[in-house]
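Read off the chains here:
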Amino acid sequence: MDDRPIADRWQDIVQHVKEEYLSETQAYPWIVGFSGGKDSTVVAHAVFEALLSIPPSRRNRPVHIVSNDTMVESPLVMAHLDSVTTLIEGAVEGLGLPMTVARTKPDLDKTFWVLLIGKGYPSPNSQMRWCTDRLKIQPTSTYIKDNISAHGAAIVVLGVRRTESIRRMQTVNKYENLRGSNLNEHSSIAGAYIFRPILELSTDDVWELLGSFPAPWGGTHTKLFQLYRDAEGGECPVVLSKDEAPGCGTKNSRFGCWTCTVVEKDKSLQGFIDSGQHAYKPLVAFRDWLVDIRNDPARRSAIRRNGRLTFDLSGKHIPGPFTIQARREILERLLQVQSEFGGQLITDDEVNLIHKFWAMDLQQQEGLANV
Ligand code: SF4
């Protein structure tokens, strides 16, 4: 354990980031995974400070600050992410730093609503968690892979910490020192290397840092403190592979999607409601209803999307997707919740695609009925 004052340890972290940035053996672009949570904020902060300490003529490596929008992100978390990334963008421009601020999203035909309401996928649960890969892993991985195609490789800078969770620690230990450098090969993206500059910080260290040093892009980290206080705890970190995905949609990930039916109870929105933000009540009620109707046989089709009746090994019938009628009911309720809430919960493009999928499914059903 490092007992030195936090300011000294912070200096070491920034120096380490600076040396790594200037390293010529691994001169690939950096992609900083930025969820807006405490850990990735500290990492972005360190990268920012390191770049500021390097003369402009030597700032040759491009840095991307990349956040992902699942399109069902908790609205308060999204508002925070929007305001911080806008500040970062402004500071990057003003200071002439070689940084790009980017936002990734799932493909339109893979969003939570298009799959649930358009195709009738049953609300995700721990056995059938179809969402993490499509909403989180694929969008960020595509961004990384595009950079690997353009530059031969890419270095992903993550706010992973050894003490964060047992599962993450196992992942960290598994890939330690793979290349005899500060970098580790990514477990599933060829050409991606991981750099983890705050690996040894504890949660208390992270809060102490955020409380001690103002954000280098302007403003303070006060809103972040408030967000955590109201959400009562943990965060949904940047998820890049299935190895790390168990942290998503568990009781530890209170900053996940507001629609998350994998968790038993939504803790983050409930935390915001408990701290006086009553506008989120209809969202929590809607999410709870999605959990309740999941296994209602009247709302599920007997056959699966491939047109077949399916049974598991014990002979138990596995129901198919939500019926078109149930999907209509879900969309109607969602639009009602959206108007009560007064903020966008589903986009027009998603609604249009949902109608297209319904039309296709109805056509297919009519075709089957006429056989
Ligand atoms: S937070 Fe929940 S709904 Fe969102 S991707 Fe993770 S498991 Fe799926």
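Above this text you will find the structure in question.
Residues numbered from 1 in each chain as written. Predicted model: local features only at pLDDT ≥ 70, side-chain atom pairs only at ≥ 80, totals over all residues. Heavy atoms only, no water.

## Digging into the pattern of salt bridges
Point 1. This structure, assessed with the given rule, holds eleven salt bridges.
Point 2. With a closest N to O distance of 2.9 Å, Arg 103 and Asp 82 form a salt bridge. One end of the pair, Arg 103, is in strand 3 (residues 99–104); the other, Asp 82, is in helix 3 (residues 75–95), with 21 residues separating them in the sequence.
Point 3. For Arg 103, a relative accessible area of 31% gives the class partly exposed.
Point 4. Shared partners join several salt bridges into a network, and the residues in it are Lys 38, Asp 39 and Arg 161. (Salt bridge = Lys/Arg side-chain N within 4 Å of Asp/Glu carboxyl O. Helix = DSSP H or I, 4+ residues; strand = E, 2+ residues; numbered from the N terminus. Buried < 20%, exposed > 50% of the residue type's maximum accessible area, 1.4 Å probe, protein only.)

## Things to note about helix 5 (residues 131–151)
Point 1. For helix 5, built from 21 residues, the straight-helix expectation of 30 Å at 1.5 Å per residue is met to within 8% by its first-to-last C-alpha distance of 30 Å.
Point 2. Residue Ile 137 marks the point of greatest curvature in helix 5, where the axis turns by about 40 degrees; the proline Pro 139 follows within four residues.
Point 3. Regarding helix 5, the residues found buried are Cys 131, Thr 132, Leu 135, Lys 136, Ile 137, Pro 139, Thr 140, Ser 141, Tyr 143, Ile 144, Asn 147 and Ile 148.
Point 4. Considering only its buried residues, helix 5 is in contact with strand 1 (30–33), strand 2 (63–68), strand 3, helix 4 (112–118), strand 4 (154–157) and strand 6 (192–195). (Expected span 1.5 Å × (residues − 1). Bend = angle between axes of the 7 residues up to and from the residue. Contact = heavy atoms within 4.5 Å.)

## Regarding the sheet that holds strand 4
Point 1. Taken in spatial order, the six strands of this open sheet run 3-2-1-4-6-5, and their pairing is mixed. The sheet is open, and its two edges are formed by strand 3 and strand 5 (183–185), each paired on a single side. Each neighbouring strand pair of the sheet contributes to a mean axis angle of 30 degrees, computed without reference to strand direction.
Point 2. The pairing of strand 2 with strand 3 spans six bridges and is parallel. Counterpart to Ser 67 in the pairing with strand 3 is Arg 103. (Pairing = 2+ DSSP bridges. Axes fitted to C-alpha atoms, helices over the stretch in contact; angles between N-to-C directions.)

## Observations concerning the side chain of His 45
Point 1. Checked against the element boundaries, His 45 lands in helix 2 (residues 38–52).
Point 2. On the accessibility criterion, His 45 (2% relative accessible area) is buried.
Point 3. At 3.4 Å, the side chain of His 45 and the side chain of His 221 are in polar contact.
Point 4. Residues in contact with His 45, not counting those within four places in the same chain, are Trp 10, Phe 213, Pro 214, Ala 215, Pro 216, Trp 217 and His 221. (Polar contact = N/O pair within 3.5 Å; in protein donor to acceptor, adjacent residues only side chain to side chain.)

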